[in-house]
Amino acid sequence: QVQLVESGGGLVQAGDSLRVSCAASGRTLMGYAMGWFRQAPGKEREFVAAISGSGRSTVYADSVKGRFTISRDNAKNTGDLQMNSLKPEDTAVYYCAADSQYYSPSRLASRYDYWGQGTQVTVSS
């Protein structure tokens, strides 16, 4: 079993940067693909970014490409999402997720077995 805990959310202004982190406990995430998803009020959860088990391969949603960077530290059992040039439409609860079966990153929420509780990111205009 893996427990995921996000941190680093907060209230920022448009154009600012913010880094959210995901810490895993229970077992190592080494080799597990990891992903970040977000859910805004009244909207469905959507894919943001994902990274392979090795960290060498990443995928991004078009809406965040060039602004967000996903990374991981397998030695520390953590994952990060660096968010730059934030926009009000980035406001959402951000969730990290881990896929225990595949190394490759995926945009599909159904691929992920473990989820954190989420951290709120609010971007004011």
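You'll find the structure just up there.
Given the structure is predicted, the values throughout are model-derived calculations rather than measurements.

1. So, the sheet that holds strand β1 (residues 3-7)
On the basis of which strands lie adjacent, the open sheet formed by 4 strands has the order β1-β3-β8-β7 and antiparallel pairing. Unpaired on one side and paired on the other, β1 and β7 (68-73) mark the two borders of the sheet. Taken pair by pair, the neighbouring strands of this sheet meet at an average axis angle of 15 degrees, ignoring direction. Pairing of strand β3 (residues 18-25) with strand β8 (residues 78-83), which is carried by 6 bridges, proceeds in the antiparallel orientation. Bridge pairing in β8 links L18 to M83.

2. A few points about the pattern of salt bridges
Applying the stated criterion to the full structure yields 6 salt bridges. Between R38 and D90 there is a salt bridge whose closest N-O contact spans 2.9 Å. With a gap of 52 residues between them, R38 in strand β4 (residues 33-39) and D90 in the loop between β8 and β9 (92-99) connect regions that are remote in the sequence. We note that R38, like D90, is buried. Between R67 and D90 there is a salt bridge, with its nearest N and O atoms 2.8 Å apart. Remark: D90 occurs in the loop between β8 and β9 and R67 occurs in the loop between β6 (58-60) and β7; sequence separation between them is 23 residues. Both residues of the pair, R67 and D90, belong to the buried class. The network of salt bridges with common partners includes R38, E46, R67 and D90.

Each value, and the rule that gives it
- Residues numbered from 1 in each chain as written.
- Predicted model: local features only at pLDDT ≥ 70, side-chain atom pairs only at ≥ 80, totals over all residues.
- Heavy atoms only, no water.
- Pairing = 2+ DSSP bridges.
- Helix = DSSP H or I, 4+ residues; strand = E, 2+ residues; numbered from the N terminus.
- Axes fitted to C-alpha atoms, helices over the stretch in contact; angles between N-to-C directions.
- Salt bridge = Lys/Arg side-chain N within 4 Å of Asp/Glu carboxyl O.
- Buried < 20%, exposed > 50% of the residue type's maximum accessible area, 1.4 Å probe, protein only.

From the geometry alone we can't say anything about function, so treat these as descriptive.
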